[in-house]
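Residue-level structure breakdown
Here are the chains, one letter per residue:
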Amino acid sequence: MTRSGTPPVALTIAGSDSGGGAGIQADLATFAALGVHGATAITAVTVQDTTGVHQVHHVPVEVVLAQVHAVLTDLRPTAVKTGMLGESGIVRSLGALAADGLLPQLVVDPVLVSTSGHRLAGRGVVASLREHLLPHADVITPNTNEAAVLLGCHPPASLEEQSAQARALLELGCTAVVVTGGAFARSPGSHGGSNHVQRTDVVATARGVRVLAGHEIDTSNDHGTGCTFASAIAGSLATGRPLDAAVQAARSFVRQSLQRSASWQLGRGRGPVSHLGPRGRCERDEPDLHPRNTRTQQPT
Ligand SMILES: Nc1ncnc2c1ncn2[C@@H]1O[C@H](COP(=O)(O)OP(=O)(O)O)[C@@H](O)[C@H]1O
Ligand SMILES: Cc1ncc(COP(=O)(O)OP(=O)(O)O)c(N)n1
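Throughout what follows, the structure given in this document is the object of discussion. None of these values were measured; they are calculated from a predicted model.

Per the secondary structure count, the chain includes eight helices and nine strands. The buried share of the chain, taken over its 300 residues, is 44%. Restricting the contact set of the chain to residue pairs at least 6 apart, pairs at least 24 apart contribute 66%. Of the roughly 15000 Å² of accessible surface on the chain, 52% is carried by carbon and sulfur atoms.

Laid out in structure tokens, this is it:
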């Protein structure tokens, strides 16, 4: 029996970012913003802030799997997202679970390198992802650099090359591919003459290729966009949205998050995107719903 008010559950299998901008922290904040209960299996602890990744400590594969099993059997998530997996043993084990159909609505963000340039995946992870996990994913969300590493080619220099990447990755066996974060200048003659950069995400499925484009939001507070995008897809799938709508909703969510964080200052480096609601305030701004000592207050 479903009790009223019970939220859908999504599981994120990812690394912790002590700065709270990416990884597990971004995923949980995204799930909460979408009204989804987030459960976690932590794969690595990173010492990280807005200036970069300073240390990485991997969690043993059996501890990762124990977390996954506990959540799958008790909380029964309806969508699963993977982020930084770190080691090929973890990738292979999750691939085996996915092959057995135990990871529903699987969104794989193949995290390999942070934007600050730190390697977040050990030797053999790329081959394991290609062979064991990506073929079982419902959707994978590499950025253009990750797509290039997975395919063994150069990052794309044009939208056509980004689209070719998406099509090539689909051949690994997943149901859908979103290659994110193309950044290509719009030609001066097109669309009214402005020459600003377009951010493009290319979606490939068996039905064909679709380009989602929008102007680049001008901000240096963009830490965690990839994690936020992938977890927003998983969160939306968990609420019952179909894949196309989930990808659209995730794009809107990231763009709103970037708009909200564009002018704030958190840390000394690339600040996180904002997962806070439109008001960006917490409950202490609300009138006190449970005032203490009301019964003992005397008229003065
Ligand atoms: N400056 C920006 N303006 C608009 N959209 C952006 C910007 N930066 C990232 N995005 C969007 O954020 C999402 C995540 O993509 P990306 O930044 O490529 O991930 P990653 O963090 O893995 O590199 C995509 O939808 C991408 O288009
Ligand atoms: C623990 C952890 N996981 C993933 C990332 C990468 O985050 P992502 O949102 O893909 O991108 P950047 O913020 O690096 O642009 C991370 N840094 N840490």
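Let us look at the environment of Arg130. By secondary structure assignment, the location of Arg130 is in helix H4 (residues 125-133). Accessibility expressed as a relative area gives 33% for Arg130, which makes it partly exposed. Taking the C-alpha atoms as reference points, Arg130 and His223, 93 residues apart in sequence, are found 26 Å from one another. The residues touching Arg130, leaving out its near neighbours within four places in the chain, are Pro135, Leu150, Leu151 and Leu172.

Around ligand 2 sit 16 residues in total, of which Gln48, Thr115, His223, Gly224 and Cys227 are the nearest. One nitrogen or oxygen atom from the main chain of Gly224 is found 2.7 Å from an oxygen atom belonging to ligand 2. In isolation ligand 2 exposes 430 Å². Once the protein is present, 94% of that is buried. Taken atom by atom, the bulk of ligand 2 overlaps the largest pocket. Taken together, the elements giving at least two residues each to the shell around ligand 2 come down to strand E1 (9-17), strand E2 (37-49) and helix H7 (225-238). The element that contributes the greatest number of residues to the shell around ligand 2 is H7, accounting for three residues.

Taken together, 13 residues lie around ligand 1, and Asn143, Thr180, Asp201, Ile217 and Gly226 are the ones closest in. Within the side chain of Asp201, one N or O atom sits 2.6 Å away from an oxygen atom of ligand 1. Taking 550 Å² as the accessible area of ligand 1 by itself, protein coverage stands at 90%. Judged by the proximity of its atoms to the pocket grid, ligand 1 belongs to the largest pocket. Every element with two or more residues in the shell around ligand 1 is listed here: strand E7 (176-185), strand E8 (197-205), H7 and helix H8 (243-261). When grouped by side-chain class, the residues that make up the shell around ligand 1 number four nonpolar, five polar and four charged.

Helix length check: helix H2 (residues 61-74) (14 residues) gives 20 Å between terminal C-alpha atoms against 20 Å at 1.5 Å per residue, within 8%. Of the residues making up H2, those classed as buried are Val64, Val68, Val71 and Leu72. Looking down the long axis of H2, one finds its buried residues gathered within 100 degrees of arc, a one-sided arrangement. Opposite the packed face of H2, turned more than 90 degrees from it, sit the exposed residues Glu62, Thr73 and Asp74.

Turning to its location among the elements, Leu170 is positioned in helix H6 (residues 159-170). Residues Leu170 and Pro135, spaced 35 residues apart in sequence, show a C-alpha to C-alpha distance of 8.8 Å. The contact partners of Leu170, leaving out residues within four places of it in the chain, are Thr175, Ala176, Val177, Ala204, Thr205 and Ala206.

Next up on the list: helix H3 (residues 88-99). When the terminal C-alpha atoms of H3 are compared, their 16 Å separation across 12 residues agrees well with the 16 Å that a helix rising 1.5 Å per residue should span. When we look at burial in H3, the residues that qualify are Ser88, Ile90, Val91, Leu94, Gly95, Leu97 and Ala98. On the buried face of H3, the contacting elements are E1, E2, H2, strand E4 (79-82), strand E5 (106-108) and H4. Once H3 finishes, Gly101 follows within two positions and takes phi at roughly 75 degrees, a positive value.

Conventions used here
- Residues numbered from 1 in each chain as written.
- Chains lettered and ligands numbered in written order.
- Predicted model: local features only at pLDDT ≥ 70, side-chain atom pairs only at ≥ 80, totals over all residues.
- Heavy atoms only, no water.
- Helix = DSSP H or I, 4+ residues; strand = E, 2+ residues; numbered from the N terminus.
- Buried < 20%, exposed > 50% of the residue type's maximum accessible area, 1.4 Å probe, protein only.
- Contact = heavy atoms within 4.5 Å.
- Areas by Shrake-Rupley, 256 points an atom, 1.4 Å probe, with all protein chains shown as cover.
- Near = heavy atom within 4 Å.
- Polar contact = N/O pair within 3.5 Å; in protein donor to acceptor, adjacent residues only side chain to side chain.
- 1 Å grid on protein atoms, 1.4 Å probe; cavity = no way out; pocket = protein on both sides within 12 Å on 5 of 7 lines; lining within 4 Å.
- Sits in = over half its atoms within 2 Å of the grid points.
- Nonpolar A, V, L, I, M, F, W, Y, C, P; charged D, E, K, R; others polar.
- Expected span 1.5 Å × (residues − 1).
- Arc of directions from axis to C-beta.

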